[in-house]
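Chain and residue survey
Here is how the chains run, residue by residue.
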Amino acid sequence: MASTDLAPRGMAQNAGAERIVNNMSIQVATVNGSGSQSSNTVLLRSIFQMGIPVSGKNLFPSNIAGLPTWYTIRANKSGYVARKKEIDFLIAMNPETAREDVLALAPGAAVLYDEPLNLNSLRNDLTFYAVPYDKIVATVCPEAKLRKLVKNMIYVGVLAKLLEIDMAEVEKALRKQFAKKVKAANLNWGAVQAGFDYAAASLAKKDPYLVQRMNATSGKIIIDGNSAGALGCMFAGVTVVAWYPITPSSSLPEHLIDYMKRFRIGADGKATFAIVQAEDELAAVGMVVGAGWAGARAMTATSGPGISLMAEFVGLAYYAEVPGVIWDIQRVGPSTGLPTRTSQGDLLSTAVLSHGDTKHILLLPASVEECFTMAQDAFELAEKFQTIVFVLSDLDLAMNNWMADPFQYPEKPIDRGKVLSKEELQRLGSFARYKDVDGDGIPYRTLPGTDHPGAAYFTRGSGHNEKSQYSERPDDYENNMERLNRKFETARSFVPRPQVETGKSKIGFIGFGTSHWALIEARDQLRQEYNVETDYLRVRAYPFTREVHEFVQQHERVYIVEQNRDAQMLSLLKLDVEPSLAGRLRSMAHIHGLPLDARSITDELMTMEGK
Amino acid sequence: MATTPSSTPAPKTNRIGLAVLDYRGGKTTLCAGCGHNAISERIIDAMYEMGVQPERVAKLSGIGCSSKSPAYFMNRSHSFNSVHGRMPSIATGAMLANRSLLALGVSGDGDTASIGIGQFIHLMRRNLPLIYIIEDNGVYGLTKGQFSATADLGSKLKTGVVNDLPPIDTCALAISMGASFVGRSFSGDKRQLLGMLKAAIAHEGTVMLDVVSPCVTFNDHEGSTKSYKYMIDHEEPLQEIDFVPAFADISVEYDPGTTVEVTMHDGSRLRLRKLEEDYDPTNRTSAIHRLTEAHEKGEVLTGVFYVNPKAPSFLDLLNMTDQPLAHLPQSTVRPGREVLQQVMEELR
C-alpha cells in the first residue's frame with residue numbers, strides 16, 4: 001500500500017494505530033440467489049452519497065441460485081475504480097468459501113463473519129468481528145421465510161457502524177433501492193438498524209478502515225454499461241432491435257425495452273420501434289441486416305458464442321454493404337468458456353469476422369459515458385460506411401455499476417449517409433449501386449420502396465459489378481474488393497480518435513476498453529513508487545487512426561495491455577504498423593477472467609523493464 | 001394507292017397504367033423447362049393483374065436455384081438474394097423497417113426444409129406479412145442433384161439412390177405453426193397457381209405456398225415423385241380457385257353448398273369451389289388431418305388448405321406505428337433533452 005494512502009496517526013478515536021480513510025476494498029462473500037445484491041447496492045450508494053468515489057464489481061457464477069458469489073466495493077479518495085487486488089474488509093456470509101476466503105487475505109485485513117462459523121480461530125494476523133445474524137434477524141423479522149433475504153441487511157448496519165457510514169445516507173440509499181415497496185423498505189431498514197445497534201453495543205473497533213465525507217461525487221450518476229449503451233441507442237434513433245438472450249449482453253436489450261416503452265411511444269400510443277427476441281443469433285443478425293437494408297437503424301447485442309454464429313451474415317453485410325450495429329459484450333471464451341467472467345478476447349474474431357477478405361469497424365468503449373456516446377457513433381458510422389459496426393464492451397463494463405458525469409445530450413443531427421431519394425434519382429436519371437462516385441470508396445444506395453423506376457437494385461452476396469449485376473469477371477471482383485478496402489481506409493479518419501498522453505517517456509502503454517482503469521492507476525503507482533514515468537495511448541477504435549502509428553513511432557518500448565491470452569490488440573497493431581516498428585510492441589496480456597488490477601500491471605512492467 | 005399511317009396499338013396496361021413488360025426481370029439462367037421459370041411467369045401475371053406498384057415490392061431469397069429466380073422477374077423491385085436458409089430473418093427485418101412494402105420471399109425445398117427449417121418455423125409462428133413461396137423439386141439442383149428433405153419415401157435419384165427418410169410436409173408444418181394462408185400448387189397448373197398468388201397478394205399475414213416445380217435436369221425421371229409426369233398423374237386438387245379482387249367490383253352469385261367464399265383483408269374475395277364436399281379451409285385441425293391422410297394414400301393434394309384472413313399479424317402484435325420505421329424523422333426517434341435529464345436525475 002502506498003504511504004500516501006495513510007491519514008496522519010493519532011487521530012483515531014479507537015484503539016487502532018493508524019486510520020485508513022476513504023481507501024479500502026470491501027468484499028462480500030455470499031451465495032447467489034440470497035438477495036445480497038440489494039444490500040451491496042445500498043452499501044455502494046451510501047458511500048457514493050457521502051461524496052467518496054466508489055466502484056462495485058460482482059464476481060458471480062453461471063448459476064441461478066446456490067453457488068458462491070463475491071461482490072467487491074472499492075472506495076477510493078483518488079478516484080481509482082479498477083479492481084483492487086487486495087481485500088481489506090471481508091464480509092464472510094458463505095460457509096462454503098469462508099475458510100478459503102479468510103486464508104487468502106493479506107495480514108491486517110478485517111473479517112466480519114457469521115458467529116457459528118468460528119472463523120477467528122483460522123488466523124491471528126487479522127481483525128475479526130463476529131455477528132450472530134440468526135439471532136438478530138429473528139428479532140426484526142417475524143416472518144421466517146423472509147429472514148434469509150433480510151439477513152443480508154444486517155451486515156450493512158454493522159458496517160455502517162464500523163466504517164462510520166452516515167446512517168442517514170444508508171436510509172436514503174435503501175429507500176431508493178426499494179422505491180415504492182414501502183413495507184419491504186421498512187423491514188430492511190429495521191434490519192440495518194438492528195445491525196448497527198448490535199455493533200454499537202457489542203463490537204469494539206479494531207481495524208483502521210473508515211469513510212469520511214468528501215465532495216468528489218456531487219452531480220454524478222451511477223449506471224452500468226449495458227444501461228448506458230441502451231440509452232445511447234435510444235438517443236441514436238434505433239428503430240429495429242433483434243436479439244437472443246446471452247450473458248452478459250441480455251440486459252442491454254432488456255434495459256432498452258424499458259427505456260423505449262417509456263420514451264419512444266408516439267402520441268397515438270404506437271411504438272416508434274420494433275424489438276424482437278429472435279430464435280437464435282443467426283436470425284437476430286439476419287433481421288438486423290434485413291432492416292438495415294430496408295433503411296432502419298438496426299442493432300443486436302450478443303457475446304462471443306453469438307458472434308461465432310453471426311459470422312456468415314456479417315460477411316454478407318460487409319460485401320453487400322448493409323449497415324447494422326452489433327454490440328459484443330465480451331465474456332471469456334473459447335466455446336462456452338467462463339460465461340460470467342470478463343474478457344477482451346473477441347478483438348481478432350470481430351475485426352475480420354466471416355470468410356474471405358473482410359474487415360470491420362470496431363468501437364472500444366472504456367466507460368459508461370463511452371457506451372452512451374459510442375452507441376451513437378456506431379449508428380452514424382454504420383450508415384455512413386454502409387457496413388456492420390461492432391461495439392466491443394465487456395462484462396465488467398456492461399454489468400457492473402460505474403460512477404460517471406451525467407451524459408451529454410447529442411448535439412449532432414442524425415446523418416443517414418448516402419441514400420438517394422426519389423427526387424435525387426429524378427435529377428440523376430439512374431445510379432450504380434457500387435460505383436465509387438466520390439473517391440472515398442463509399443457508394444450510394446437506395447431503399448426498397450423508393451418510388452422511382454430506376455431505384456431498384458439487386459442485392460447479393462455473390463460477385464457483382466458496379467451496377468450490382470452478377471459478375472464473375474476477375475476485374476469486377478478485384479475493383480470491388482479494392483473499393484471496399486478504400487472505404488475502410490476512409491473510415492480511419494472518421495472513427496473515434498484515441499486518448500493520448502505522450503512526450504514524457506520512452507516507455508509507452510497502449511490499452512483499450514476497461515483495461516484503462518487499471519492502467520491509469522498503474523501509471524500513478526509507477527510514478528509514485530518507482531519514479532518511472534510512462535506515456536499512454538488508449539485506442540478507441542479499429543481501424544487505427546494516425547495517432548496510433550505516431551505513438552508507436554515515438555516510443556522505444558510499447559506495452560500493449562489487454563485481457564486475453566493471444567495478445568490480440570498487439571496482433572492487430574502488428575498488421576498495421578510499419579514492419580520495422582513491430583519489434584517495439586510488447587505484450588502484457590492477462591487472462592484470468594477477473595477485471596484487471598493495477599498492481600499486476602505495475603509489477604509486470606517493472607519485471608519487463610528489468611528493474 | 002392511298003396509304004394510311006398505321007399506328008402501333010398502345011400496349012395493354014393494368015389499373016395503374018403499367019404494361020406487363022414493366023413487371024419483367026432479367027433473362028433466366030435456369031435450365032430450359034425448369035418449373036421455377038413458370039412460377040416466375042405466374043408471379044409476373046399476378047402482380048400485373050393485381051396492379052401492384054413494382055417499386056413497393058421487396059423480393060427476398062436465400063441460396064439455390066429457386067433463390068436465383070427473383071432476378072428473372074420484376075426488375076423494378078428491390079431484391080435481396082441473401083444466405084442459405086436465412087431469408088426469413090432478412091424478410092422479417094425488412095418488413096419491420098418498412099411495413100408498407102409487399103414482401104415476396106422465394107425459397108426452395110433445400111433452403112427451407114433443411115438448412116432453413118428453424119427460421120422457417122419461427123417465421124410461420126410470427127405470421128409476418130409475407131408471401132413465402134417454396135419452389136419445391138425435392139432435390140438440390142445447384143449442387144447437382146442430392147435429395148432434399150421434401151423428397152418422398154422411396155423416390156429415386158437418377159443415380160439409383162433411394163430416399164429412405166420420410167418427407168417434411170411444409171404445408172402441414174406451416175399450418176400447425178400459425179401461418180394464416182397455406183396452400184400447395186404445381187408449376188404446371190397455371191390457373192390454380194395464378195389464383196392462389198392473387199389471393200396471396202391480398203392477404204395480410206404469412207402466406208406459405210409450396211409449389212411443386214420439377215427439376216428437369218436432376219429429378220424428372222421415372223421413379224421421381226416430383227416429375228412433371230408424376231404430378232400430372234397424381235395431383236388431387238381440393239378446389240377450383242376463383243379470385244375476385246377488391247377493385248373489380250363484380251358481384252356474382254355463388255352456391256354456398258358447393259363454394260366457400262373467403263373475404264380477404266383488402267376486401268377481395270377468394271372463392272373455392274369444393275371438389276371435396278366436406279373440406280373446410282378455415283379449420284386448422286382438419287387441414288392437417290387431410291394432409292396426413294393424403295400422405296398415407298400417396299396423393300399429391302393441391303389447393304388452399306388453410307386460410308384465416310383475420311389472424312393478427314406480427315406487426316399488429318408489435319403495436320408498430322403505421323409509418324415505416326425506416327423513414328421516421330429525428331424528432332420522432334430521438335427523445336428530447338428533458339428525457340435525458342429525467343433519466344440522469346433518476347441515476348443520481
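Relevant structure appears above.
Below: a short report on this structure.

The rules we used
Residues numbered from 1 in each chain as written. Chains lettered and ligands numbered in written order. Predicted model: local features only at pLDDT ≥ 70, side-chain atom pairs only at ≥ 80, totals over all residues. Heavy atoms only, no water. Helix = DSSP H or I, 4+ residues; strand = E, 2+ residues; numbered from the N terminus. Rg over C-alpha atoms; globule rule 2.2 N^0.38 Å. Buried < 20%, exposed > 50% of the residue type's maximum accessible area, 1.4 Å probe, protein only. Contact = heavy atoms within 4.5 Å. Areas by Shrake-Rupley, 256 points an atom, 1.4 Å probe, with all protein chains shown as cover. Lys, Arg positive; Asp, Glu negative; His and termini not counted. Charge placed at Lys NZ, Arg CZ, Asp CG, Glu CD. Axes fitted to C-alpha atoms, helices over the stretch in contact; angles between N-to-C directions. Parallel < 35°, antiparallel > 145°, perpendicular 65-115°, else oblique. Left-handed = near helix turned anticlockwise from the far one by under 90°. Nonpolar A, V, L, I, M, F, W, Y, C, P; charged D, E, K, R; others polar. Polar contact = N/O pair within 3.5 Å; in protein donor to acceptor, adjacent residues only side chain to side chain. Salt bridge = Lys/Arg side-chain N within 4 Å of Asp/Glu carboxyl O. Pairing = 2+ DSSP bridges. Core = buried A, V, L, I, M, F, W, Y, C linked by side-chain atoms within 4.5 Å.

Attention now moves to the overall build of chain B. Tallying secondary structure elements over chain B gives twelve helices and 13 strands in all. For a compact globule of 348 residues, the expected C-alpha radius of gyration is about 20 Å, and chain B comes in at 22 Å, within 12% of that figure. Summarising its shape, the C-alpha atoms of chain B cover approximately 75 × 75 × 45 Å along the three principal directions. Buried positions account for 58% of the 348 residues belonging to chain B. Partitioning the intrachain contacts of chain B with sequence separation of at least 6 by distance along the chain shows that 71% fall at a separation of at least 24. Counting every atom, chain B has about 14,300 Å² of accessible surface; 53% of that belongs to carbon and sulfur. For chain B, the distance from the average position of its 33 positive side-chain charges to the average position of its 39 negative side-chain charges is 7 Å.

Next up on the list: the packing of helix 9 (residues 281-293) of chain A against helix 3 (residues 87-97) of chain B. Orientation of helix 9 of chain A relative to helix 3 of chain B, taken along the N-to-C sense of each, is 45°, at an axis distance of 6 Å. Here helix 9 of chain A lies oblique to helix 3 of chain B, going by the angle between them. Here helix 9 of chain A and helix 3 of chain B pass one another in a crossing that is right-handed. Every residue of helix 3 of chain B that contacts helix 9 of chain A at Leu 282, Ala 283, Gly 286, Met 287, Val 289, Gly 290, Ala 291 and Trp 293 of chain A is listed here: Ser 89, Ile 90, Thr 92, Gly 93, Ala 94 and Ala 97 of chain B. Here the contact of helix 9 of chain A with helix 3 of chain B is built from residues that sort into nine nonpolar, five polar and no charged.

Within the secondary structure layout, Thr 450 of chain A lies in the loop between helix 14 (422-428) and strand 18 (458-460). Judged by relative accessible area, which is 14%, Thr 450 of chain A ranks as buried. Other than its neighbours up to four places away in sequence, Thr 450 of chain A contacts Leu 420, Ser 421, Lys 422, Leu 425 and Ala 455 of chain A together with Glu 55 of chain B. Only 2.5 Å separates the side chain of Thr 450 of chain A from the backbone oxygen of Leu 447 of chain A, close enough to count as a polar contact.

Across the contact, 72 residues belong to chain A and 54 residues belong to chain B. Measuring nitrogen to oxygen at the nearest pair gives 2.8 Å for the salt bridge that ties Glu 346 of chain B to Arg 262 of chain A. Counting the contacts that link chain A with chain B gives 23 residue pairs in polar contact (both at pLDDT 80 or more). Of all the secondary-structure elements, those providing two or more residues to the side of chain A that touches chain B are helix 1 (36-49), strand 9 (221-224), helix 7 (225-235), helix 8 (251-263), strand 11 (274-277), helix 9, helix 10 (304-320) and strand 18 of chain A. Looking at the side of chain A that touches chain B residue by residue, the class counts come to 42 nonpolar, 16 polar and 14 charged. Alignment of strand 18 of chain A against strand 2 (residues 78-81) of chain B, held across three bridges, turns out to be parallel. Along strand 2 of chain B, the bridge assignment pairs Phe 458 of chain A with Ser 79 of chain B.

On to the sheet that holds strand 1 (residues 57-61) of chain B, then. Strand order in the open sheet made by the nine strands is 18(A)-2(B)-1(B)-3(B)-4(B)-8(B)-7(B)-13(B)-9(B), with mixed pairing throughout. Of all strands in the sheet, those with a lone pairing partner are strand 18 of chain A together with strand 9 (235-237) of chain B, marking the two edges. The mean angle between the axes of side-by-side strands here comes to 20°, regardless of whether they run parallel or antiparallel. Sheet topology places strand 1 of chain B next to strand 3 (residues 102-108) of chain B; five bridges connect them, and they run parallel. By the bridge assignment for strand 3 of chain B, Ser 61 of chain B is matched with Val 106 of chain B.

In terms of nonpolar packing, the biggest core is built from 233 residues, with Leu 112, Trp 327 and Phe 407 of chain A touching the most fellow members. Not counting chain neighbours up to four residues away, the residues in contact with Phe 407 of chain A comprise Ile 221, Ile 223, Ala 228, Leu 231, Val 368, Glu 369 and Phe 372 of chain A together with Leu 340 and Met 344 of chain B. Core analysis: the next-biggest nonpolar cluster, separate from the first, contains 39 residues, Leu 18, Val 57, Ile 131 and Leu 194 of chain B among them.

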